[in-house]
Amino acid sequence: MSLKIAIIGGGSSYTPEILEGFIQRQATFPVTEIVLVDVKAGEEKVDTICQLGNRMIAEAGVNIQLTWTLDRRSALQGADFVSTQIRVGGLAARAHDERIPLKHGLIGQETNGAGGIMKAFRTIPVLMEIAEEMQELCPDAWMINFTNPAGIVTEALLNHSVHKKVIGVCNIPFNMRHSTAELLQAAPEDVLIRFIGLNHFIFGDKVYVKGEDRTADVFQKLLQKELDYNPANIMPLDWSETFIKAVRLLPNPYHQYYFQTPSVLEKDKQAYQENGTRAEVVQALEESLFALYKQESLRKKPEELEQRGGAFYSQVACQLMDSIYNHKEDIQTVNTWNHGAIPELPYDAVIEANCVITKQGPKPISIGEIPAPVRGMIQNMKAMEELVIKASISGEYEDAYNAFLVNPLVQDEKKAKLVLDELLEAHKDYLPQYNRM
Ligand code: G6P
């Protein structure tokens, strides 16, 4: 029996992680073929990754055929799962998303605020194309999308593309669960955090270990600063006792942008001056990672990869594919259609939720109403995401402006225009919808 995976964006420095995941899961998820796909500019990188991957496969003694190609269509032909992990415009584009808003006194981040919106504008048209090709070449395949902003991208695809087998994934819920498990000295599979919200905007309202409610212990540890689930790209700014006690929700690392905006601005301004933006830090990290990958003696995923914010993403992806393939009906946190799980959000909105994973896809588990302190914010974020998707597709200036205006990290009508204009200019090579003649 064959089981084929296509990895779009296979030249990413993260790829050894997902390859390791497939190698380790051979007993339950017997992948026979993996094709790495990249664009011309990524040719050297994808070749390096493929060579390293083949050394990892040989070392593990498993039977997986690993190749790379620039021909996406041939890779998609007959695929069972397609992992999408692309960065349209590369790290240079990310640096604009980080630096331009900050120059105007706004948060400059690749998935939040103005930068996150621009990333969606660049990404959605490309992923729409991939979804169309999947419908033609591998209609039964699931797309597992990591490409940021993962929640927005997933909603755009589910509601506006022809291919409906799309699931968005992120490592944040995974990190929160695993760090909490470590803190409570429990096995991660015994820990359940009840999540509510959207990608990079989820909160945890309850923590259970084997069904026992341990929420109070977790809040206590958070107050004592003993719980840290920040990815490498986010320097934590601790939460105050009043915040934890009043809101009574576990924030995710990205919430600092919304609830601690002035402190983040100060921190980022200093960091960007000292070390460059995160894009520039990652650029240097990538160079040393690829130098390592080229070493013939390297036959496994190097630990240095954990310095990337998205570390452990592959465990999320591989676990998900394994559960779909084996119809495990276990609970995982993914981005999928709301379908009534959160009654205050639109039925067809995409939420990040605990879901039962079946062969037919994820089924979200309802946890009832959104807690009052964050209800308005989550609804506002969802409305903003809808506007982002509308603008990503229409290419209308006014739609883009509306998305900027209602984003809680912009909300200034003059700056919305200034920053939007500057970003549209900086990214013009990657915005076909905004450059129609
Ligand atoms: C986090 C996020 C990912 C994001 C990554 C960036 O973990 O959850 O969505 O891609 O950080 O990490 P980087 O190393 O590129 O800054």
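Keep in mind that this is a model prediction, so the values were computed, not measured.

All right, on to the pairing of strand β2 (residues 33-37) then. With respect to burial, β2 is a largely interior element, four of its five residues being buried. Sheet topology places strand β1 (residues 4-8) next to β2; five bridges connect them, and they run parallel. In the sheet register, Ile 8 faces β2, and the bridge partner there is Val 37. For β2 and strand β3 (residues 65-69), the ladder comprises five bridges, and the chain directions are parallel. Paired with Val 37 across the strands is Thr 69, a residue of β3. Once you follow β2 into helix α2 (residues 43-60) and on to β3, the crossover reads as right-handed.

Here we take up the nonpolar core. Core analysis: the largest hydrophobic core is formed by 124 residues, its most contacted members being Ala 6, Val 169 and Leu 320. Per element, the largest residue contribution to this core is 10 residues, and it comes from helix α5 (residues 113-137). Those residues in contact with Ala 6, other than ones at most four positions away along the chain, are Val 35, Val 37, Ala 75, Leu 76, Ala 79 and Val 82.

What follows is about the environment of Gln 220. Inspection of the secondary structure assignment puts Gln 220 in helix α8 (residues 215-223). Judged by the 13 C-beta atoms lying within 10 Å of it, Gln 220 is partly exposed. Spatially, the C-alpha atom of Gln 220 lies 34 Å from that of Thr 147, the residues being 73 residues apart in sequence.

Taken together, Asn 148, Cys 170, Asn 171, Ile 172, Pro 231, Ala 232, Asn 233, Arg 278, Val 282, Arg 308, Gly 309 and Gly 310 are the residues near the ligand. Residue classes in the shell around the ligand are distributed as five nonpolar, five polar and two charged.

Time to look at the environment of Thr 32. Mapped onto the elements, Thr 32 comes out in the loop between α1 (15-24) and β2. C-beta crowding within 10 Å serves as the criterion here: with 15 such atoms nearby, Thr 32 is assigned to the partly exposed category. Sequence separation between Thr 32 and Thr 261 is 229 residues, and the spatial gap between their C-alpha atoms is 47 Å. Excluding anything up to four places from it in sequence, Thr 32 contacts Ser 2, Leu 3, Lys 4, Ile 64 and Gln 65.

This part is about the UniProt feature "domain: Glycosyl hydrolase family 4 C-terminal" (unreviewed entry) in the chain. The sites that carry the UniProt feature "domain: Glycosyl hydrolase family 4 C-terminal" (unreviewed entry) are, in the present numbering, residues 195-410. The span residues 195-410 is 45% helical and 16% strand by assignment, and the distance between its end C-alpha atoms comes to 26 Å.

Right, let's get into the sheet that holds strand β7 (residues 191-198). Consider a sheet: its strands pair through backbone hydrogen bonds, and that pairing is either parallel or antiparallel. Spatially, β7-β8-β9 is the arrangement adopted by the three strands of the open sheet, whose pairing is antiparallel. Of all strands in the sheet, those with a lone pairing partner are β7 and β9 (212-213), marking the two edges. In the packing of helix α7 (residues 172-183) onto the sheet, contacts are made with β7 and β8 (201-209), and the angle to β7 comes to roughly 150°. Across the sheet, helix α14 (residues 372-394) lies against β7 and β8, angled at about 60° from β7, the strand it touches most.

Bringing α7 into the picture now. An α-helical segment advances 3.6 residues per turn. Residues three or four places apart therefore align on the same side. The first and last C-alpha atoms of α7 sit 16 Å apart over 12 residues, in line with the 16 Å expected at 1.5 Å per residue. Buried within α7 are the following residues: Ile 172, Pro 173, Phe 174, Asn 175, Met 176, Arg 177 and Thr 180. In this structure, the buried side of α7 is in contact with β7, β8, α8, α13 (313-325), β10 (331-337) and β11 (350-358). With its phi angle positive at about 50°, Gln 185 sits one or two positions after the end of α7.

In this section: unusual backbone geometry. A cis amide bond, omega -10°, links Asn 148 with the succeeding residue Pro 149. Along the polypeptide, Pro 149 turns up in the loop between β5 (142-145) and α6 (150-160). Its identity as a non-glycine residue notwithstanding, His 200 has a phi of 60°, on the positive side. Relative to the assigned elements, His 200 resides in the loop between β7 and β8.

This part covers the packing of helix α4 (residues 90-103) against α5. Remark: α4 packs on α5, axes separated minimally by 8 Å, with the N-to-C direction vectors making an angle of 150°. Looking at the two axes, α4 sits roughly antiparallel to α5. Crossing of α4 over α5 shows right-handed handedness. Note on element contacts: α5 touches α4 through Gly 113, Ala 114, Gly 115, Met 118, Lys 119 and Arg 122, opposite Ala 93, Asp 97, Glu 98 and Pro 101. Per-class residue counts for the contact of α4 with α5 are four nonpolar, two polar and four charged.

Rules used throughout
- Residues numbered from 1 in each chain as written.
- Predicted model: local features only at pLDDT ≥ 70, side-chain atom pairs only at ≥ 80, totals over all residues.
- Buried ≥ 20, exposed ≤ 12 C-beta atoms within 10 Å, placed from the backbone.
- Helix = DSSP H or I, 4+ residues; strand = E, 2+ residues; numbered from the N terminus.
- Pairing = 2+ DSSP bridges.
- Right-handed = clockwise from strand over helix to strand, strands pointing away.
- Core = buried A, V, L, I, M, F, W, Y, C linked by C-beta atoms within 7 Å.
- Contact = placed C-beta atoms within 7 Å.
- Near = placed C-beta within 6 Å.
- Nonpolar A, V, L, I, M, F, W, Y, C, P; charged D, E, K, R; others polar.
- UniProt positions renumbered as here; feature names shortened; annotations may be inferred.
- Axes fitted to C-alpha atoms, helices over the stretch in contact; angles between N-to-C directions.
- Expected span 1.5 Å × (residues − 1).
- Parallel < 35°, antiparallel > 145°, perpendicular 65-115°, else oblique.
- Left-handed = near helix turned anticlockwise from the far one by under 90°.

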